[in-house]
Amino acid sequence: MKIVTVKNQIEGGKVAFEALKAALADGAKTLGLATGSTPLAFYDAVVSSDLDLSALTSINLDEYVGLDGADAQSYRHFMAVHLFDKKPFKENFLPNGKAADLSAETAHYDAIIAAHPIDFQILGIGQNGHIGFNEPGTSFDVTTHVVDLAESTIKANARFFEDESQVPKQAISMGIASIMKSKQLVLMAFGKEKAEALKGMIEGEITEELPASILQKHENVLVIADSESASLLNQ
Ligand code: GLP
């Protein structure tokens, strides 16, 4: 893992943006994208650049079950507001949280990922070490699946909703096996709430109890952390 420490999220977004430019120069065609507050400065850097993404495909990590893409709390809406409406891609894939048959939807999403191998995957990290919505205890071998969200994740994400009771209890998430197939991973972490998870991910044992720890086995990972999230690291 290559670890870059930055002053703040804005600087971190610029480092991730430079990594994206290098990946595009190297022929990247498919971007794996994430939601949450972590990638926002990165998306701002992309939006304010002159990069043309119109030939690219994007595949997002996850979506809440039960939310329509038009719902203001859905991840599809989040991506439209922060990136897609401002920087058009060739196509944007997210799981369909309103699919009548969720199991068919997971298989369909796996087929999409297989047809568009991800070159450059943006990741945040949950306070409990989740990536995408792969919660602690999720098998490293799993592909797209329906997840029961951890209580701590529901609480952490409640800030995006009017109140905690409105946070969906389930999501569809790309699996860890699919994330690990991406050519390059760029994980950002900002703030002291992420310090424990980041330490476990980088210095702890590789365990399904801390899903992000599997990244130790990937050969091309860039970690971008501010001083707060990096505060518990040995180096
Ligand atoms: C959410 C998302 C993840 C995200 C993480 C951290 O639950 N499913 O993709 O990385 O939690 O969120 P934030 O960036 O807001 O801290």
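Since the structure is predicted, the reported quantities are computational estimates derived from the model, not experimental observations. (Residues numbered from 1 in each chain as written. Predicted model: local features only at pLDDT ≥ 70, side-chain atom pairs only at ≥ 80, totals over all residues. Heavy atoms only, no water.)

A.B. asks: Can you walk me through the environment of M188 in this structure?
C.D. replies: Among the secondary structure elements, M188 is positioned in strand 9 (residues 184-189). Considering only alpha carbons, one finds M188 and S49, 139 residues apart in sequence, at a separation of 20 Å. (Helix = DSSP H or I, 4+ residues; strand = E, 2+ residues; numbered from the N terminus.)

A.B. asks: Explain the site of the ligand here, please?
C.D. replies: Of all residues adjacent to the ligand, which total 13 residues, the nearest are S37, T38, F133, R159 and K194. Between the ligand and H130 there is a distance of 3.1 Å, counted from an oxygen atom to a side-chain nitrogen or oxygen. Across the complex, the protein chains shield 95% of the 390 Å² of accessible surface that the ligand would expose by itself. The residue makeup of the shell around the ligand, split by class, is 3 nonpolar, 7 polar and 3 charged. (Near = heavy atom within 4 Å. Polar contact = N/O pair within 3.5 Å; in protein donor to acceptor, adjacent residues only side chain to side chain. Areas by Shrake-Rupley, 256 points an atom, 1.4 Å probe, with all protein chains shown as cover. Nonpolar A, V, L, I, M, F, W, Y, C, P; charged D, E, K, R; others polar.)

A.B. asks: Help me understand the pairing of strand 2 (residues 30-33), please; the structure alone is not making it clear to me.
C.D. replies: Looking along a regular strand, one sees side chains alternate from face to face of the sheet. By the alternation rule, side chains of strand 2 split into T30 and G32 and L31 and L33, which are all buried. Direction of pairing for strand 2 relative to strand 3 (residues 57-60): parallel, over a ladder of 4 bridges. The residue bridging L31 from the neighbouring strand is S58, located in strand 3. (Buried < 20%, exposed > 50% of the residue type's maximum accessible area, 1.4 Å probe, protein only. Pairing = 2+ DSSP bridges.)

A.B. asks: Sorry, what's going on with the pattern of salt bridges here?
C.D. replies: If charged atoms from side chains of opposite charge come close, those side chains can pair. Counted by the stated rule, this structure contains 5 salt bridges. With its nearest N and O atoms 3.6 Å apart, the salt bridge here joins K21 to E18. Of the two residues, K21 and E18 both sit in helix 1 (residues 9-25), 3 residues apart, roughly one turn of that helix. Salt-bridge contacts for K155 lead to E164; the nearest nitrogen and oxygen are separated by 3.3 Å. For K155, a relative accessible area of 52% gives the class exposed. Note on E164: relative accessible area 31%, which makes it partly exposed. (Salt bridge = Lys/Arg side-chain N within 4 Å of Asp/Glu carboxyl O.)

A.B. asks: Sorry, what's going on with the sheet that holds strand 9 here?
C.D. replies: Sheet strands line up and pair through hydrogen bonds in the backbone, either parallel or antiparallel. Strand order in the open sheet made by the 7 strands is 1-10-9-6-2-3-5, with parallel pairing throughout. Of all the strands in the sheet, the pair left with one neighbour each is strand 1 (2-6) and strand 5 (91-93). Pairs of neighbouring strands in the sheet enclose a mean axial angle of 15°, with direction left out of account. Sheet analysis places strand 3 next to strand 5, joined by 3 bridges and oriented parallel. Residue S58 lies in a different strand from strand 5, and its bridge partner there is N92. This element, helix 7 (residues 195-203), spans strand 1, strand 9 and strand 10 (221-226) of the sheet and lies at about 150° to strand 10. (Axes fitted to C-alpha atoms, helices over the stretch in contact; angles between N-to-C directions. Contact = heavy atoms within 4.5 Å.)

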